[in-house]
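Report on the structure
Here is how the chains run, residue by residue.
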Amino acid sequence: MNINGKVALIPGASRPVGRAIAHTFGKEGIHLALPIFDDWPDSNAEMVEEFNRCGYSFVCHQCNLTETEEVRELVSFIEAHYGKLHFLVNNIERGGMPIVHGSYDHPVNRSQWQLEFDTTVKSKWELYQRSMPLIQRSGGGSVTNISSIAGKIGRSGPASYLFNDGYSCANRGVKSLTETWAREAGPSIRVNEAMIGLVKGRHGEGTRGWKLLSSSQQDALLTHTLLKRTAHPEEIADVVFYLAVKASYVTGCQLLVDGGYLLGGEISTEMPPTALP
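As a starting point, this report considers the structure included with it. Keep in mind it's a predicted model, so treat the numbers as computed, not measured. (Residues numbered from 1 in each chain as written. Predicted model: local features only at pLDDT ≥ 70, side-chain atom pairs only at ≥ 80, totals over all residues. Heavy atoms only, no water.)

The N-to-C vectors of helix 1 (residues 16–26) and helix 10 (residues 233–246) enclose an angle of 50°; their axes lie 8 Å apart at closest approach. If you check the angle between helix 1 and helix 10, you find them oblique. The element helix 1 and its partner helix 10 pack so that their crossing is right-handed. For the pair helix 1 and helix 10, contact is made by P16, V17, A20, I21, T24 and F25 and by P233, E234, I236, A237, V240, F241, A244 and V245, respectively. (Axes fitted to C-alpha atoms, helices over the stretch in contact; angles between N-to-C directions. Helix = DSSP H or I, 4+ residues; strand = E, 2+ residues; numbered from the N terminus. Parallel < 35°, antiparallel > 145°, perpendicular 65-115°, else oblique. Left-handed = near helix turned anticlockwise from the far one by under 90°. Contact = heavy atoms within 4.5 Å.)

Okay, here's the thing in structure tokens:
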């Protein structure tokens, strides 16, 4: 598949996972459309400088992805600039770690629950709905949703310090969107999902929450992970690129990328000796 010159819409590219995904696409000659928001001004500036240094073809557009009209304007901007769109990487979410935020009952968290649903679910829906017509007019392509294993485990086990209730519920709903959109968008658009675990810069090392955990709490998370480490953002990016570009006969799939965290709670014992004569 000749992908040079195609266009990818990648939100969250100022942060570690999104940045790695954008690098992976940019290195392949894919034009990058990057919505940015005021939450991370230093990260946004760093991203622009870094991508310019790499020589990528990219444009940034200020956009609140929870607002319908702003997402419409974003897609119109992409069409005006590039005239086409082939890949949507739905890397947009928001979650308040319990170790940082505490209970939803705290006054400072009054809007946190709604923010988590609006960002993790509604923004994905907005991006898909507004992008799909342009992807179809461009000859088809793919949508790749990014979700979290919080949708499987909720606020439980060692990760209960990292995943709160609203974030977990929101991520559980992403699979429903993935499967519905795969049915709706085929055959010209494939829709898949990467459900990710603990990643450096995203629920792992380099985050405020990870720094607040005690060493024993960090060890418990790594012990629960079969590979005994968190993921590098580039490892997530490789999986996303595979689903978005290379997996030409895969749609409606939720691919688990968690280093074995979900399996790690159970220990496989040695085979006992036979009780038979």
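Additional details are given in the paragraphs that follow.
The next subject is the sheet that holds strand 2 (residues 31–36). Strand order in the open sheet made by the 7 strands is 3-2-1-4-5-6-7, with parallel pairing throughout. At either margin of the open sheet sits one strand with a lone partner, and together these are strand 3 (58–62) and strand 7 (254–257). On average, adjacent strands in this sheet sit at an angle of 20° to one another, irrespective of strand direction. Here 5 bridges tie strand 2 to strand 3, and the two strands are oriented parallel to one another. Paired with L34 across the two strands is C60, which belongs to strand 3. Strand contacts of helix 5 (residues 112–137): strand 1 (7–9), strand 4 (87–90), strand 5 (141–148) and strand 6 (189–196), with the helix running at about 175° to strand 4, the strand carrying the most contacts. The strands that helix 10 touches are strand 4, strand 5, strand 6 and strand 7; relative to strand 6, the one it contacts most, it runs at about 160°. (Pairing = 2+ DSSP bridges.)

Structurally, G140 can be placed in the loop between helix 5 and strand 5. Judged by its relative accessible area of 11%, G140 is buried. For the pair G140 and R190, spaced 50 residues apart in the sequence, the C-alpha separation amounts to 8.4 Å. Contact partners of G140, with chain neighbours within four places excluded, come to H86, I135, S188 and I189. (Buried < 20%, exposed > 50% of the residue type's maximum accessible area, 1.4 Å probe, protein only.)

Any functional reading would require information that these geometric values do not contain.
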